[in-house]
Protein chains: 2
Amino acid sequence: MKLIYSDDHRDHAGAKEMRYDEMIPMSESPERMDMIMEALVNAGHNDVVVPKSFSLEAVYKVHDPAFVSFLERAYPLWEAEFGPGGYATAYTFGMRGMAQAPNQSIHSMLSCYTFDVCVPIVEGTWKAIRSAVDVALTGVDIIQGGEKAVFSLCRPPGHHASGDLAGGYCYLNNAAIAAQAHLDGGARRVAILDIDYHHGNGSQHIFYEREDVFFASLHARPEDEYPFLMGYATEVGKGDGKGYNLNLPMPKGTDFSSYVLALQVALRRIEHYAPDVLVISLGVDTFVDDPVGGFELQSPDYSVIGQMIAQLSLPTHFIMEGGYAMEALGTNVANVISGYCQDG
Amino acid sequence: MKLIYSDDHRDHAGAKEMRYDEMIPMSESPERMDMIMEALVNAGHNDVVVPKSFSLEAVYKVHDPAFVSFLERAYPLWEAEFGPGGYATAYTFGMRGMAQAPNQSIHSMLSCYTFDVCVPIVEGTWKAIRSAVDVALTGVDIIQGGEKAVFSLCRPPGHHASGDLAGGYCYLNNAAIAAQAHLDGGARRVAILDIDYHHGNGSQHIFYEREDVFFASLHARPEDEYPFLMGYATEVGKGDGKGYNLNLPMPKGTDFSSYVLALQVALRRIEHYAPDVLVISLGVDTFVDDPVGGFELQSPDYSVIGQMIAQLSLPTHFIMEGGYAMEALGTNVANVISGYCQDG
Ligand SMILES: [Zn+2]
Ligand SMILES: [Zn+2]
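What you see is a predicted model; the values in this text were computed from it and never measured.

Points about the packing of aromatic side chains
Then, number 1: Taken as a whole, this structure holds 35 aromatic pairs over all chains when the rule is applied.
Then, number 2: Three or more aromatic residues joined by ring pairs form one cluster here, namely Tyr20 of chain A together with Trp78, Phe82 and Tyr87 of chain B.
Then, number 3: One cation-aromatic arrangement involves Arg189 of chain A over Tyr273 of chain A; the distance from NZ or CZ to the ring centre is 5.6 Å.

Focus on the coordination of the zinc ion (ligand 1)
All names here are of chain A.
Then, number 1: At the metal site, the zinc ion (ligand 1) is ligated by Asp196 (OD), His198 (ND1) and Asp285 (OD), and these contacts range over 2.0 to 2.2 Å.
Then, number 2: All donors to the zinc ion (ligand 1) come from one chain, and their sequence spacing reads D-x1-H-x86-D. Placement of Asp196 in the loop between β6 (190-194) and α7 (201-206) and of Asp285 in the loop between β9 (277-282) and α9 (299-310) is noted, with a sequence separation of 89 residues between them.
Then, number 3: Overall, the relative accessible area of 1% leaves Asp196 in the buried class.

Section: the sheet that holds strand β4 (residues 48-49) of chain B
Residue and element names in this part refer to chain B.
Then, number 1: One open sheet accounts for eight strands, arranged β4-β1-β5-β10-β9-β6-β7-β8; its pairing is parallel. A strand with exactly one partner marks an edge of an open sheet, and here the two such strands are β4 and β8 (245-250).
Then, number 2: Bridge count between strand β5 (residues 149-152) and strand β10 (residues 316-320): four bridges; the pairing is parallel. Paired with Phe151 across the two strands is Phe318, which belongs to β10.
Then, number 3: Set on the sheet, helix α1 (residues 30-42) makes contact with β1 (2-4), β4, β5 and β10; between it and β10 the angle comes to about 140°.

Some thoughts on the nonpolar core
Then, number 1: In this structure, Phe70, Leu71 and Leu172 of chain A together with Phe70, Leu71 and Leu172 of chain B are the most contacted members of the largest nonpolar core, which totals 145 residues.
Then, number 2: With residues near it in sequence (within four places) discarded, Leu71 of chain B still touches Ile121, Trp126, Ile129, Tyr171 and Leu172 of chain B.

Considering the relation of the copies chain A and chain B
Then, number 1: The operation relating chain A to chain B is a screw motion whose rotation component is 180°, with 0.0 Å of axial translation and a residual RMSD of 0.0 Å. Read as a symmetry element, the transformation amounts to a two-fold axis. Rotation axis and chain A: the residue whose C-alpha lies nearest the axis is Met95 of chain A, separated from it by 2.4 Å.
Then, number 2: Of all interface residues in chain A, 100% are interface residues in chain B too; the two copies therefore contact each other through one and the same surface.

Digging into the interface of chain A and chain B
Then, number 1: Taken together, the contact pairs 47 residues of chain A with 47 residues of chain B.
Then, number 2: Summing both sides of the interface, chain A and chain B together bury roughly 4,300 Å²; the carbon and sulfur share of this comes to 64%.
Then, number 3: Where chain A packs against chain B, one counts two salt bridges.
Then, number 4: Note that Asp164 of chain B and Arg96 of chain A form a salt bridge whose closest N and O atoms lie 3.0 Å from each other.
Then, number 5: The tally of links between chain A and chain B comes to 18 residue pairs in polar contact (both at pLDDT 80 or more).
Then, number 6: Where the side of chain A that touches chain B is concerned, the elements lending two or more residues are β2 (16-19), β3 (22-25), α4 (106-113) and α7 of chain A.
Then, number 7: At five residues, the largest contribution of residues to the side of chain A that touches chain B is made by α4 of chain A.
Then, number 8: When grouped by side-chain class, the residues that make up the side of chain A that touches chain B number 24 nonpolar, 14 polar and nine charged.

Notes on the side chain of Asp196 of chain A
All names here are of chain A.
Then, number 1: Within the buried set, Asp196 has no salt-bridge partner at all; the shortest N-O distance to an opposite charge, 6.8 Å, is to Arg32.
Then, number 2: Of note is the side chain of Asp196, whose polar atom sits 2.9 Å from the backbone nitrogen of Gly322.
Then, number 3: Beyond its immediate chain neighbours, meaning those up to four positions away, Asp196 contacts His159, Leu218, His219, Ser281, Gly283, Asp285, Thr286, Glu321 and Gly322.

Some thoughts on the sheet that holds β6 of chain A
Residues and elements named next belong to chain A.
Then, number 1: The eight strands are arranged β4-β1-β5-β10-β9-β6-β7-β8 in an open sheet whose pairing can be described as parallel. Here the strands that pair on one side only, and so sit at the sheet edges, are β4 (48-49) and β8 (245-250).
Then, number 2: The pairing of strand β7 (residues 213-220) with β8 spans six bridges and is parallel. Its bridge partner lying in β8, Leu218 is registered against Leu248.
Then, number 3: Against the sheet, helix α1 (residues 30-42) makes contact with β1 (2-4), β4, β5 (149-152) and β10 (316-320), and its axis sits at roughly 140° relative to β10, the strand it touches most.

Structural notes on the confidence of the model for chain A
One rule of thumb: low pLDDT means the predicted coordinates there are not for detailed reading.
Then, number 1: In this model, chain A carries an average pLDDT of 96, and 99% of its residues clear a pLDDT of 70 or more.
Then, number 2: The complex model carries a pTM of 0.96, and its ipTM stands at 0.94.

What to know about helix α3 (residues 65-82) of chain A
One turn of an α-helix holds 3.6 residues; hence residues three or four places apart share an orientation.
Residue and element names in this part refer to chain A.
Then, number 1: Here α3 contains 18 residues, and its C-alpha end-to-end distance of 26 Å stays within 8% of the 26 Å for a straight helix at 1.5 Å per residue.
Then, number 2: Along α3, the sharpest change in direction is near 45° and occurs at Arg73; proline Pro76 comes one to four residues later.
Then, number 3: Those residues of α3 that sit buried are Phe67, Val68, Phe70, Leu71, Ala74, Tyr75 and Trp78.
Then, number 4: Summarising the contacts, the buried residues of α3 are in contact with α2 (57-60), α4 and α5 (125-144).
Then, number 5: The N-cap of α3, judged by a side-chain oxygen 2.9 Å from the amide nitrogen of Ala66 a few residues on, is Asp64.
Then, number 6: Two residues or fewer after α3 comes Gly83, characterised by a positive phi angle close to 90°.

Considerations on the coordination of the zinc ion (ligand 2)
Then, number 1: Looking at the zinc ion (ligand 2), the protein donor atoms are Asp196 of chain B (OD), His198 of chain B (ND1) and Asp285 of chain B (OD), and they sit 2.0 to 2.1 Å from it.
Then, number 2: Sequence spacing of the donors to the zinc ion (ligand 2): D-x1-H-x86-D.

With respect to the packing of helix α8 (residues 256-273) of chain B against helix α9 (residues 299-310) of chain B
Residues and elements named next belong to chain B.
Then, number 1: Two numbers describe how α8 lies on α9: the axes approach to 11 Å, and their chain directions differ by 15°. It follows that α8 is roughly parallel to α9 by the angle criterion. Here α8 runs over α9; the crossing is right-handed. Where α8 approaches α9, its residues Phe256, Tyr259, Val260, Leu263, Gln264 and Leu267 are matched on the opposing element by Asp301, Val304, Ile305, Met308 and Ile309.

Focus: the environment of Pro120 of chain A
Then, number 1: Along the chain, Pro120 of chain A turns up in the loop between α4 and α5.
Then, number 2: Dropping the residues within four chain positions of it, Pro120 of chain A is found in contact with His12, Ala15, Lys16, Met26, Tyr87, Ala88, Thr125 and Tyr171 of chain A.

Focus on the pattern of salt bridges
Two side chains that carry opposite charge are able to pair once their charged atoms sit near each other.
Residues and elements named next belong to chain A.
Then, number 1: Throughout the structure, instances matching the rule amount to 32 salt bridges over all chains.
Then, number 2: As a salt-bridge pair, Asp224 and Arg221 come within 2.8 Å of each other at their nearest N and O atoms.
Then, number 3: For Asp224, a relative accessible area of 24% puts it in the partly exposed group.
Then, number 4: Note that Lys252 and Glu225 form a salt bridge whose closest N and O atoms lie 3.7 Å from each other.

Section: the side chain of Thr286 of chain B
Then, number 1: Looking at the secondary structure, you find Thr286 of chain B in the loop between β9 (277-282) and α9.
Then, number 2: Overall, the relative accessible area of 1% leaves Thr286 of chain B in the buried class.

Some thoughts on the environment of Ser313 of chain B
Residues and elements named next belong to chain B.
Then, number 1: Structurally, Ser313 can be placed in the loop between α9 and β10.
Then, number 2: Overall, the relative accessible area of 55% leaves Ser313 in the exposed class.
Then, number 3: Along the primary structure Ser313 and Ala74 are separated by 239 residues, whereas in three dimensions their C-alpha atoms are 42 Å apart.

Observations concerning unusual backbone geometry
Then, number 1: A cis amide bond links Arg155 of chain A with the next residue in sequence, Pro156 of chain A, at an omega value of 0°.
Then, number 2: Mapping Pro156 of chain A onto the fold places it in the loop between β5 and α6 (174-184).
Then, number 3: Between Tyr226 of chain B and the following residue, Pro227 of chain B, the backbone shows a cis peptide bond with an omega angle of 5°.
Then, number 4: Within the secondary structure, Pro227 of chain B sits in the loop between β7 (213-220) and β8.
Then, number 5: Phi is positive for Tyr20 of chain A, which is not a glycine, with a value near 55°.
Then, number 6: Looking at the secondary structure, you find Tyr20 of chain A in the loop between β2 and β3.
Then, number 7: Although it is not a glycine, Tyr169 of chain A adopts a positive phi angle of roughly 70°.
Then, number 8: Secondary-structure assignment places Tyr169 of chain A in the loop between β5 and α6.

What counts, and at which threshold
- Residues numbered from 1 in each chain as written.
- Chains lettered and ligands numbered in written order.
- Predicted model: local features only at pLDDT ≥ 70, side-chain atom pairs only at ≥ 80, totals over all residues.
- Heavy atoms only, no water.
- Phe/Tyr/Trp six-rings, centres within 6.5 Å; stacked < 30°, edge-to-face > 60°.
- Lys NZ or Arg CZ within 6 Å of the ring centre and 35° of its normal.
- Donors = N, O, S within 2.8 Å, 3.2 Å for Na, K, Ca; no water.
- Helix = DSSP H or I, 4+ residues; strand = E, 2+ residues; numbered from the N terminus.
- Buried < 20%, exposed > 50% of the residue type's maximum accessible area, 1.4 Å probe, protein only.
- Pairing = 2+ DSSP bridges.
- Contact = heavy atoms within 4.5 Å.
- Axes fitted to C-alpha atoms, helices over the stretch in contact; angles between N-to-C directions.
- Core = buried A, V, L, I, M, F, W, Y, C linked by side-chain atoms within 4.5 Å.
- Least-squares fit on C-alpha atoms with pLDDT ≥ 70 in both.
- Buried area = accessible area lost by both parts, 1.4 Å probe.
- Salt bridge = Lys/Arg side-chain N within 4 Å of Asp/Glu carboxyl O.
- Polar contact = N/O pair within 3.5 Å; in protein donor to acceptor, adjacent residues only side chain to side chain.
- Nonpolar A, V, L, I, M, F, W, Y, C, P; charged D, E, K, R; others polar.
- Lys, Arg positive; Asp, Glu negative; His and termini not counted.
- pLDDT = per-residue confidence, 0-100.
- Expected span 1.5 Å × (residues − 1).
- Bend = angle between axes of the 7 residues up to and from the residue.
- Parallel < 35°, antiparallel > 145°, perpendicular 65-115°, else oblique.
- Left-handed = near helix turned anticlockwise from the far one by under 90°.

Shown next as structure tokens:
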């Protein structure tokens, strides 16, 4: 399987995030990609492709251009006020009833366009965001070129970002941009299977009222876990999209014996939907030792996940999302890809 | 002038707040009240009244009962999950498009009912919130009993809290609850003059579509200062409330020579509105050395502010909001009250 990767994510680093009563270095670090690439190559996946450069046209089909412009300008505006080397971040948020008229103030924009304290914007963030989109869109091209599967090693991740809101380490929604690009490239229907530990609230929201993208997500119960407000089983889509959104929340402590049953449910629904392309939002923060997650999957389980996905025999576009257990991160990701290739 | 004060605010303490890349002890501390009470007594204002106890009936006229219930239950629910001694706080926020169905999860409720990282809830918070409301409502009783002016020493402050959102050190909106209680006690019209450094977004929102409460606020430009998304001069009210909301934002660095002109504008508008009661949201974070604020008022200026308010000759209900320059805080508050009494 071709891997699409660029080093351009590397300078998206150095900011801190709030963990209760202290500020800690962000778990979502460049070293994550090093671990993943190393394990993939060690497992024999060494067909690494450099992404092509794309315009923002495909991005604007999913994201508000004013929001995209904010992401591009945020750091320079922040630096103009506070000097170099820091990171732009909001600490107050435009919730219901708070007029949200984006203006040219970086402070207002941060409060308008981000929904939590986990999307700091450093000098290198925009370059990384742009590159992650190129990595995703290059994958679309490769699938359209007839490859059966491809892996876009996007960083930063994307599945928490909606059309005009960044949050949870996510800025632009790489998986959603790819899904839309698959449609625009000729696919009639696309399914997104999100197996990150956290609910992909951004992806759900983007396609919530559409029937041409089926979104299925396995994740921790939002009563207990980020993003708390979305990801409930009752969220099944709306309007034309009714019936095309499937949430399978599971309690903390879930191990593979339960997880695999939910995965089967999702795969059966995807099979029934019969998409032309399957996009996998691949997070491995479901791993037992993940510092962020609370599930109990073991490394060999990820091979089974890859095999089960392969059994659908669909053109499959893997897109990297979360996973923070540094020692096992690479192995877990490589196991998914090897499992897929083994059965494919 | 009678001062209404209770020690019940004291255990609302010990939490931290995010200041860029570190977590620091909250600026909004019990010691603020000690400074204020000491300076008031030293200035001869020693008619201190203990608040009466009120039911939540008056609160429910301004705040969603489910939100009030959240504030009461938040700490016990948090403690049940994380153990004693901490504080409940959100780090992700239910912005547009994120379904906000409050459920019994403390995490979901925090993300649904708070709009920033500056409203931690410790074990003593609910007692303090309740007491601040009693302090405000006792002031209403005293004004209705015929006193010309009264000072409710509320803590925590309230003006950032709207009907169902807490934020910016504010949980329930003491000034809004008092304004509504004045109306319910017979006043036909009430004006709120908010002279805190920050825009009173909660008070504005609560009365934005009503003509029986005129809200006027002098504050730092929201382009530059918290709460960033509200407080613009273009916000003039809506529906029946159109024309009954007056924002007078000023740039950082504003000193009294400019401030006093804006104050005159607000007072003239209030005079024209001819309310039966004037509620003052009294913040003194406009002081030159305030660690949170960026205006340049001097301590003697607060006497002038008190005198100018007194010249309206209206029944006046002072309600404490912000102010964080510990050395001058008491003096500045006492100067407002002394200035008012001197001219009254
Ligand atoms: Zn995740
Ligand atoms: Zn203030």
